[in-house]
Amino acid sequence: MKQRTAIALGLALAFGTGAAFAQKAEVIHWWTSGGESAAVKELANAYKAAGGTWVDSAIAGGEAARSTAINRIVGGTPSTAAQFNTSKQFHDIIDAGLLNNVDEVAQKNGWDKWLPAPILNSVKVKGHFYAVPVNIHMPAWFWYSKAAFAKAGITAEPKSADEFFAALDKLKAAGVVPLAQGGQPWQEKILFDAWLAHVGGSEMYLKIYRDRDAATLQSPAFKSLLVSYKKLKSYTDAGSPGRNWNDATSMVISGKAGVQIMGDWAKGEFQAANQTAGKEFGCFAGFGPKSPYIIAGDVFVFPKTTDPAQIKAQHLLADTFTSPATQVAFNNKKGSIPIRTDVDAKGMDICAQMGIQIMKDTSRHLPNPEMLISPDVSGVMQDIVTKYWNTNQSADDAVKALVLAVKGG
Ligand code: GAL
């Protein structure tokens, strides 16, 4: 009897103790705000409903979460899955042989057939699927308080940079903080990228990020773009430095501020505060009907393991995250749109409907910067933008630094 128990225990240790244990998944992510927590719960619930056990490892801040994931992998105690952005952020750990692929799940579900090209290019490397994409985020949306716009007498959504500045002036005159802005380097960079795409235009954006073209950076058009980007700062409040993005969103939710330029994860905050798109707040994806749509979002990668139970868990995560029902439930709370078009999105709000509609026009797609440049170059450019935003550095000096950055690495 004793011996049989010992053998059973030995077998259990070697092969896992049944389905629930076998599919225990520790998932690292940086979704800690109200809307984000509500959204990640949908992923966890779907995984649990499929028979898995979810171990939640939430780490505040994208950079912190990603470096924890990498340190754990390198240190030999990897999580089952870890969040990265849909980009090249995890390509070096693929090259180093530190990730498992999920080809089996991708093939079974036909990812090749329905993933938009920029997302496919991020997750499929040298013929293998190394990450499961969960959403499409557009990092350059405008979110505004209807009450604040009404108070300031703004009757139409701005259709150009000039109209936008005019609206900001009206908000200022009405005693509202015109631009709700957080104060962390990534937020200043995301604002810069939004301004570059919407005001500089797709061509300027691609010349810089795809072609690393010094002449574009040295052009008068780019210099004036930098100057107008910095002008935005005069519409922010004194509390901006150090502020989290979701605290900036709260200012729009309460009507204390007029507008925030931020990814559609901000919509998750409005929803968590029981506000409805088109009612208390409005959204526009850029200036006018042909504005570019930057494609970004989140993926989960699967650290290398040969433990069959962990591999099973990784496959179950990839499978449940991409199922049509999970895609709708999760993206509804997250503010993003589903990665697949064969899901029933009719019940999604008007901003999501707008995003889904725009996505159909591939001529409006723009890859996010980190799909085009390495994390190293991206980090250097972020430092330059932050310095320019927060100091008295001239536009000419910022240009010089950017030229050096695009030439390096
Ligand atoms: C982005 C991520 C979003 C959202 C945001 C703020 O990098 O793609 O899902 O979480 O950070 O935390």
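These numbers were taken from a predicted model, which means no experiment stands behind them. (Residues numbered from 1 in each chain as written. Predicted model: local features only at pLDDT ≥ 70, side-chain atom pairs only at ≥ 80, totals over all residues. Heavy atoms only, no water.)

**Topic: the pairing of strand 1 (residues 24–29)**
Regular strands place side chains that alternate from one sheet face to the opposite one. Counting buried positions along strand 1 yields five of six residues, so the element is predominantly enclosed. Across six bridges, strand 1 lies against strand 2 (residues 53–58) in parallel orientation. Pairing of Glu26 across the sheet is with Val55, part of strand 2. Direction of pairing for strand 1 relative to strand 3 (residues 81–85): parallel, over a ladder of two bridges. Across the sheet, residue Val27 finds its bridge partner in strand 3, namely Ala81. (Buried < 20%, exposed > 50% of the residue type's maximum accessible area, 1.4 Å probe, protein only. Helix = DSSP H or I, 4+ residues; strand = E, 2+ residues; numbered from the N terminus. Pairing = 2+ DSSP bridges.)

**So, the sheet that holds strand 10 (residues 281–284)**
Read across the open sheet, the four strands follow the order 8-9-7-10; overall the sheet is mixed. Each edge of the sheet is formed by a strand with only one pairing partner; in this case those strands are strand 8 (177–179) and strand 10. On average, each strand axis in the sheet is inclined to that of its neighbour by 20°, with strand direction left out of account. Sitting on the sheet, helix 11 (residues 185–200) is in contact with strand 7 (141–145) and strand 9 (257–262), with an inclination near 85° to strand 9. Strand contacts of helix 19 (residues 350–359): strand 7 and strand 10, with the helix running at about 160° to strand 7, the strand carrying the most contacts. (Axes fitted to C-alpha atoms, helices over the stretch in contact; angles between N-to-C directions. Contact = heavy atoms within 4.5 Å.)

**Looking at helix 17 (residues 308–321)**
Relative to the 20 Å expected for 14 residues at 1.5 Å per residue, helix 17 spans 20 Å between its end C-alpha atoms, a close match to the ideal helical length. Within helix 17, 10 of the 14 residues are buried, which leaves the element mostly enclosed by the surrounding structure. Taken residue by residue, helix 17 has Ala309, Gln310, Ala313, Gln314, His315, Leu316, Leu317, Ala318, Thr320 and Phe321 as its buried positions. Two to three positions downstream of the cap, the backbone nitrogen of Ala309 sits 2.9 Å from a side-chain oxygen, assigning the N-cap of helix 17 to Asp307. (Expected span 1.5 Å × (residues − 1). Polar contact = N/O pair within 3.5 Å; in protein donor to acceptor, adjacent residues only side chain to side chain.)

**Structural notes on the nonpolar core**
The biggest cluster of nonpolar side chains holds 133 residues, and the ones touching the most others in it are Trp111, Phe164, Phe222 and Leu232. Mapped onto the domain boundaries, this core takes at least three residues apiece from domain 1 (2–136 + 297–340) and domain 2 (141–295 + 366–408). Once residues lying within four places of it in the same chain are set aside, the contact partners of Phe222 are Phe192, Leu196, Met204, Ile208, Thr216, Leu217, Val399 and Leu402. (Core = buried A, V, L, I, M, F, W, Y, C linked by side-chain atoms within 4.5 Å. Domains from an automatic or database assignment.)

**What about the site of the ligand?**
As a matter of local geometry, the ligand sits amid Trp30, Trp31, Glu36, Asn85, His137, Trp245, Trp265, Gly297, Asp298 and Lys334. A total of 300 Å² of accessible area belongs to the ligand in isolation, and the protein chains cover 90% of it. If you map the ligand onto the pockets, it falls in the largest pocket. Among the residues forming the shell around the ligand, the class breakdown is four nonpolar, three polar and three charged. (Near = heavy atom within 4 Å. Areas by Shrake-Rupley, 256 points an atom, 1.4 Å probe, with all protein chains shown as cover. 1 Å grid on protein atoms, 1.4 Å probe; cavity = no way out; pocket = protein on both sides within 12 Å on 5 of 7 lines; lining within 4 Å. Sits in = over half its atoms within 2 Å of the grid points. Nonpolar A, V, L, I, M, F, W, Y, C, P; charged D, E, K, R; others polar.)

**Things to note about the domain arrangement of the protein chain**
What the domain assignment lists for the protein chain is domain 1 (2–136 + 297–340) and domain 2 (141–295 + 366–408). The centre of domain 1, based on its C-alpha atoms, is set 31 Å off from the matching centre of domain 2. Of the residues lining the interface, 18 residues belong to domain 1; the matching set on domain 2 comes to 18 residues. In total, about 1,400 Å² of surface goes out of reach between domain 1 and domain 2, with carbon and sulfur atoms giving 55% of it. Our count for the domain 1 to domain 2 interface comes out at zero salt bridges. In this structure, the connection of domain 1 to domain 2 is made through eight residue pairs in polar contact (both at pLDDT 80 or more). The set of elements that each furnish at least two residues to the side of domain 1 that touches domain 2 consists of helix 3 (34–49), helix 8 (117–123) and helix 18 (324–334). (Buried area = accessible area lost by both parts, 1.4 Å probe. Salt bridge = Lys/Arg side-chain N within 4 Å of Asp/Glu carboxyl O.)

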